[in-house]
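Below, each chain spelled out in residue letters.
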Number of protein chains: 2
Amino acid sequence: MCSAPRPDQDGSRAAFDEAIAVTRQQPAPRADLGEPSWWAATIPPGWDVGAAINGGVVLALAANALRGETGRPCPLSTTVHYLGQATAGSADIAVEVLRAGRTRHVAQAAVRQEGVEVARALGALGVLGDVGEVDDVRHWHVAPPPLPPVEECVAPPSAEQAVLPPPPLARNVELRLHPDHVGFAFGRPPGDPVIHAWARLADGRDPDVLALLVFADALPPAVFNAGLPLGWVPTLELTVHVRARPAPGWVRVAARTRLRASGYLDEEAEVWDADDRLVASARQLALSPRAPTPPTRPA
Amino acid sequence: MCSAPRPDQDGSRAAFDEAIAVTRQQPAPRADLGEPSWWAATIPPGWDVGAAINGGVVLALAANALRGETGRPCPLSTTVHYLGQATAGSADIAVEVLRAGRTRHVAQAAVRQEGVEVARALGALGVLGDVGEVDDVRHWHVAPPPLPPVEECVAPPSAEQAVLPPPPLARNVELRLHPDHVGFAFGRPPGDPVIHAWARLADGRDPDVLALLVFADALPPAVFNAGLPLGWVPTLELTVHVRARPAPGWVRVAARTRLRASGYLDEEAEVWDADDRLVASARQLALSPRAPTPPTRPA
């Protein structure tokens, strides 16, 4: 089962759990079908990329409210459309349960800040087996991305070293990029829109099903490695399928872009856990970068 | 631009346009943000697979209402969650515009039959270039699926020939399967959960952006070719990215499943047009088949 996050041994919450924490605003019983229920959140600073909170973090926040409302622990398939830029600060989330089944619920979440909806999420929530406990697992023609050991991979280079310094998100989501996939940051894109990387939460909290939603959107845009300008690549829509609860430890993320057309591009991300299981698959639609300058500077 | 469907030269509408036709119920100006607008539809028989209308057809119907409401012709990225089984007959669609931008709208559609919501869709709509007119197209490491010419491919075998006869949908969506990918229908699955096929609307109507939503879900489940039981594989969620308006003629669809776990499986579908352009990418989450008998029998 996908369990709720537990406090650390010293009783404090991990930074990620703090970032996506939600509280039911009305201490009422679960809402009827079709009636929204309200949840409150406060997004801390440090989870942003450029001018906005990372899209995966917004999705994880929405999914956490969906989890709370439905009582179903795993976001099996969740889609979010970004309507505006989420920023650090208070947010409220209106959750509406659309289908309440025995094993699976479907619900939507409207994330609002200062009265303006910044994201709409729609998801199916249910129960997934733990990695290693699922007896029907079968992969076909898929394998974890080839990556050297963590210690041989590359942390995103600093502002002093690179033309594209890492965003504030990098303080909370630790990445180690494949040495062959970091060229974009030095103005030497290798040509292929592919980035493979290790990822974990910087405070050492182990991954869970909600963290997978963040890892699916935490890498620099793979298209930077194809030589496209290092401009902002805003995600319009992100869909993540979570397929199993991940094992503890670093995950590996394989991201790639396959097509740019009419100003839009896709980005696919697979997340693999430490036990070599495909634990999440994601695809997003984003705007193709246009700006000639890097989108973010560290504060 | 993705244009609205035109009547045939004799003035009659193609079967697909009839199937997904929507009419605004209140002859009112466009609804304000946050206020639903109502559309009416009548789903004809002949678009079903097993007990339910094909999921791609339901998505196309919802997307047609989103198109009508937003005035934006192309469903750039659309997600649908199935809440119940849609059947032939009348339906109404409540559309809510969540974001009205200059080039892009985000809106949701609730498809109801007899007062019960059967599907919830969420989509971004905008404008895409025609194939051949888009000047920024760039593919990376993708190619159309290898398929023999249409005349060397295989129509889904009839009930007399096969253990799995084609569903009623096959009367409206014509398929020609790769000869190596039709084994599932004869009880000889080749082992790989892959199906490549040509597809077109049976009445010869050329594909458009809405037909792509159907083609993305019109093939038999690829997982049948892996030897899983030929049971019903209900789609829970389907997301389709439409990337360009397709050229006239047959499209090619490449479908595959990569992972089954915890009773769920994914299916990915790429749709390529006659000009060798990737025009749509789709992924769905479905229930893994369990029933030992074929799900449908022709009437």
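This one's a predicted model, so the numbers in the text were calculated from it and none came from an experiment.

What counts, and at which threshold
Residues numbered from 1 in each chain as written. Chains lettered and ligands numbered in written order. Predicted model: local features only at pLDDT ≥ 70, side-chain atom pairs only at ≥ 80, totals over all residues. Heavy atoms only, no water. Least-squares fit on C-alpha atoms with pLDDT ≥ 70 in both. Contact = heavy atoms within 4.5 Å. Buried < 20%, exposed > 50% of the residue type's maximum accessible area, 1.4 Å probe, protein only. Helix = DSSP H or I, 4+ residues; strand = E, 2+ residues; numbered from the N terminus. Pairing = 2+ DSSP bridges. Phe/Tyr/Trp six-rings, centres within 6.5 Å; stacked < 30°, edge-to-face > 60°. Expected span 1.5 Å × (residues − 1). Polar contact = N/O pair within 3.5 Å; in protein donor to acceptor, adjacent residues only side chain to side chain. Salt bridge = Lys/Arg side-chain N within 4 Å of Asp/Glu carboxyl O.

To continue, consider the relation of the copies chain A and chain B. Mapping between the two chain copies consists of a rotation about an axis together with a translation along that axis. You can overlay chain A on chain B at an RMSD of 0.0 Å; the transform is a turn of 180° with a shift of 0.0 Å along its axis. What the superposition gives is, in effect, a two-fold axis relating one chain to the other. In this assembly the copies share their binding face: 100% of the residues contributing to the interface of chain A also contribute to that of chain B.

So, about the pairing of strand 7 (residues 105-113) of chain B. Residue and element names in this part refer to chain B. Taking burial as the measure, the nine residues of strand 7 include eight buried ones, the bulk of the element. Where strand 6 (residues 89-100) meets strand 7, eight bridges bridge the pair, whose relative direction is antiparallel. From the neighbouring strand, Glu96 faces strand 7, where its bridge partner is Gln108. Between strand 6 and strand 7, which pair antiparallel one after the other, the connecting turn spans four residues. By the bridge criterion, nine bridges tie strand 7 to strand 8 (residues 116-126) in an arrangement that is antiparallel. The residue bridging Gln108 from the neighbouring strand is Leu122, located in strand 8. Counting the residues between successive antiparallel strands, the hairpin from strand 7 to strand 8 contains two residues, one of them, Glu114, with a positive phi of roughly 50°.

Each aromatic ring pair is characterised by the separation of its centres together with the angle its planes make. Residue and element names in this part refer to chain B. All chains considered together, the criterion is met by four aromatic pairs over all chains. Ring geometry for Phe16 against Trp47: centres 5.9 Å apart, planes inclined by 50°, an arrangement best described as tilted. Of the two residues, Phe16 is situated in helix 1 (residues 15-19) and Trp47 in the loop between strand 2 (37-43) and strand 3 (48-49); the sequence distance between them amounts to 31 residues. Judged on exposure class, the residue Phe16 and its partner Trp47 are both buried. Relative to Phe224, the ring of Phe184 lies with its centre 6.0 Å away and its plane at 45°, an arrangement referred to as tilted. With Phe184 in the loop between strand 10 (173-177) and strand 11 (194-201) and Phe224 in the loop between helix 3 (209-215) and strand 12 (235-242), this pair connects stretches of sequence that are 40 residues apart.

What follows deals with helix 2 (residues 55-70) of chain B. At 3.6 residues per turn, the α-helix brings residues three or four places apart onto the same side. With 16 residues, helix 2 of chain B should cover 22 Å at 1.5 Å per step; its first-to-last C-alpha distance of 22 Å lies within 8% of that length. Measuring from the backbone nitrogen of Gly56 of chain B back to the side-chain oxygen at the start of helix 2 of chain B gives 2.9 Å, which picks out Asn54 of chain B as the cap.

Okay, the pattern of salt bridges next. Residues and elements named next belong to chain A. Taken as a whole and assessed by the stated rule, the structure comprises 28 salt bridges over all chains. Across the pair Arg13 and Glu18 runs a salt bridge whose closest N-O atoms are separated by 3.3 Å. Residue class for Arg13 comes out partly exposed when judged on its relative accessible area of 45%. Here Arg24 makes a salt bridge to Glu69, at a shortest N to O gap of 3.2 Å. Highlighted residues: Arg24 in strand 1 (residues 23-24) and Glu69 in helix 2 (residues 55-70), separated in sequence by 45 residues. Judged by its relative accessible area of 23%, Arg24 is partly exposed.

Locating Gln108 of chain A in the fold gives a position in strand 7 (residues 105-113). Judged by its relative accessible area of 7%, Gln108 of chain A is buried. Contacts of Gln108 of chain A, omitting those with residues within four sequence positions, involve Leu66, Ala94, Val95, Glu96, Leu98, Arg120, Ala121 and Leu122 of chain A together with Gln108 and Arg120 of chain B.

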